[in-house]
Amino acid sequence: MAEKKTKKSKESKELFAEFPNLYKDISKDDLEACMNYAEEYKAFLDISKTEREFVENAIEAATDLGFVDIESKKTLKAGDKVFSSIKDKGLVLAVIGKKPVSEGINILGAHIDSPRLDLKPNPVYEDAEAAYFKTHYYGGIKKYQWTTIPLAIHGVIFTKDGVKHKITIGEKDEDPIFYITDLLPHLGNEQMKKNASEFISGEDLNVVIGGMPLKDAEKEPYKAYVLKYLNDNYGIVEKDFVTGEIEIVPAMKARDLGFDRAFIAAYGHDDKVCAYPALTALLTQERPSKTCVTMLTDKEEIGSYANSGAQSVLYENFLMELLAKTNKGTFDLLTYRKAIAASKMLSTDVSNAFDPKYASVSDSRNTAYMSKGIKLEKYVGARGKSGTNEATGDFVAEIVSVFDKNSIPWQTGELGKVDAGGGGTISAYMAKHGMNVIDAGVPVWSMHAPYEVISKIDIYYTYLAYKAFIENI
Ligand code: MN
Ligand code: MN
């Protein structure tokens with residue numbers, strides 16, 4: 001009897017798709033490696049809250065490992081490591097493989113922008129003896145979530161002489177923070193009747209930045225105080241804000257979540273929780289078989305537009321340069337197009353993790369869960385799959401085969417229930433060049449909130465999955 005039972009359970013193991021919680025059977029060594037990787041990620045995330053900061057820190061890490069700007073190389077050979085900054089807000093890196101680029105390259109593509117509040121071009125004002133910034137939100141946010149939390153200012157302002165002034169305030173313990181007020185419940189009767197999207201309007205996302213008057217100011221003394229502070233410390237005047245790329249982000253560090261520290265709560269997991277493994281998986285490559293590329297793009301949260309978004313030709317220029325410089329400087333368009341069509345890409349973006357509190361928006365049989373590993377998402381989009389790339393079945397089979405051979409656990413599903421909503425990633429913009437692309441990333445709780453949650457074991461196995469992909473596909 002016992003023997004028969006074992007056989008049967010083996011059969012059902014093969015017949016049925018099972019996606020176990022990966023903390024269940026993890027070895028002591030793997031758990032330690034997972035926890036260590038999480039520490040590295042948290043440290044990188046805390047200094048990389050904006051796309052500009054991510055690019056700067058990624059270039060520093062890459063340079064330490066021998067990567068150089070592709071502009072400095074006339075030709076490229078196997079083992080060479082190059083990068084190109086995309087307007088300081090996107091980054092593309094490559095390690096040249098042993099096989100020719102014309103046979104196709106392996107690409108990991110994440111985005112490094114996250115939902116936030118940007119300053120308006122003329123942001124400073126005073127009202128009722130306090131000074132404020134006017135903001136314009138960036139990406140899909142629930143506006144009410146941004147009130148009554150500590151906020152930090154990150155960004156750059158250029159003065160007329162072209163000098164870039166970096167401003168980061170609110171991250172150090174001794175720094176002040178900034179704040180958006182909300183109404184006290186005692187007087188909230190009317191407000192509480194509104195639906196959540198009207199609870200606070202875009203024009204009301206005004207950030208408190210000061211409350212002391214400047215002595216002897218001719219006008220607007222509270223605003224004058226702030227302008228003088230900024231002039232004394234950064235040499236900027238009010239008109240310089242027109243050049244500003246100032247982002248208001250949560251002034252909170254990444255923290256372990258739970259008694260067992262299974263999760264990490266942080267700002268900007270979408271999509272740095274995929275960008276970081278996409279970066280680190282590439283940085284450790286020495287002489288890969290095929291040329292490997294990691295793209296870190298900007299503007300995904302608003303449609304991948306602009307010269308730093310995934311739709312920009314600047315990313316393509318880099319791929320063209322790879323082909324030309326590995327081919328003694330010669331280039332022809334058809335060879336390039338065929339090389340890209342032979343290329344393979346993981347669009348490394350996050351997805352929703354099933355949340356039992358909001359179970360009704362997910363199909364429980366077709367959703368990602370926390371701690372079950374990287375989620376393969378054949379398509380995204382909305383309604384009848386509108387606006388999505390859809391990975392071909394044979395490409396999915398290739399990915400699954402590589403993951404299974406390398407003992408990479410994976411799960412699959414959709415973002416949410418059919419007609420519950422939808423979303424997009426950069427996959428469709430890359431697939432149009434002819435390459436095979438599939439979305440594959442880390443599940444997130446409370447996506448797009450100021451403080452999002454991921455599982456440490458998911459980012460760790462996602463890192464291993466990205467490595468397995470670029471090394472073996
Ligand atoms: Mn994303
Ligand atoms: Mn997003």
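Residues numbered from 1 in each chain as written. Chains lettered and ligands numbered in written order. Predicted model: local features only at pLDDT ≥ 70, side-chain atom pairs only at ≥ 80, totals over all residues. Heavy atoms only, no water.

## Some words on the nonpolar core
Ranked by size, the top nonpolar core spans 62 residues in total, and within it Leu93, Leu296, Leu346, Ile399 and Phe403 carry the most contacts. Broken down by element, this core gets its largest block of residues, ten residues, from helix α10 (residues 456-472). Look past the residues within four positions of leucine 346 in its chain and what remains in contact with it is Ile107, Leu108, Gly109, Ile399, Phe403, Ile438, Ala440, Tyr466 and Phe469. Membership of the second largest hydrophobic core comes to 32 residues, among which are Phe133, Trp146, Leu230 and Val249. (Core = buried A, V, L, I, M, F, W, Y, C linked by side-chain atoms within 4.5 Å. Buried < 20%, exposed > 50% of the residue type's maximum accessible area, 1.4 Å probe, protein only. Helix = DSSP H or I, 4+ residues; strand = E, 2+ residues; numbered from the N terminus. Contact = heavy atoms within 4.5 Å.)

## Digging into the domain arrangement of the chain
If you check the domain split of the chain, you get domain 1 (7-114 + 267-472) and domain 2 (116-250). The C-alpha-based centres of domain 1 and domain 2 are spaced at 34 Å. The partner domain 2 presents 19 residues to the 19 residues of domain 1 that form the contact. Summing both partners gives a buried area of about 1500 Å² for domain 1 against domain 2, and 46% of it is carried by carbon and sulfur. Together, Lys49, Arg52 and Pro450 form the three largest contributors to the area buried by domain 1 at its contact with domain 2, with a combined 34%. Between glutamate 51 and arginine 116 there is a salt bridge whose closest N-O contact spans 3.3 Å. (Domains from an automatic or database assignment. Buried area = accessible area lost by both parts, 1.4 Å probe. Salt bridge = Lys/Arg side-chain N within 4 Å of Asp/Glu carboxyl O.)

## Looking at unusual backbone geometry
Note the cis peptide between aspartate 270 and aspartate 271, where omega equals 10 degrees. Relative to the elements of secondary structure, aspartate 271 occurs in helix α5 (residues 269-283).

## Section: the coordination of the manganese ion (ligand 1)
Geometry sets the ideal angles at a metal, namely 109.5 degrees for four tetrahedral donors and 90 or 180 degrees for six octahedral donors. Distances from the manganese ion (ligand 1) to its protein donors, His111 (NE2), Asp270 (OD), Asp349 (OD) and Asp349 (OD), fall within 2.1 to 2.7 Å. All donors of the manganese ion (ligand 1) belong to a single chain; written as a sequence motif, their spacing is H-x158-D-x78-D. In this model, the manganese ion (ligand 1) sits 3.4 Å from the manganese ion (ligand 2), the two metals being bridged by aspartate 270. Residue histidine 111 is located in strand β4 (residues 106-111), and its partner aspartate 270 is located in helix α5; the two are separated by 159 residues in the primary sequence. Across the pair, aspartate 270 and histidine 111 agree in class, each one buried. (Donors = N, O, S within 2.8 Å, 3.2 Å for Na, K, Ca; no water.)

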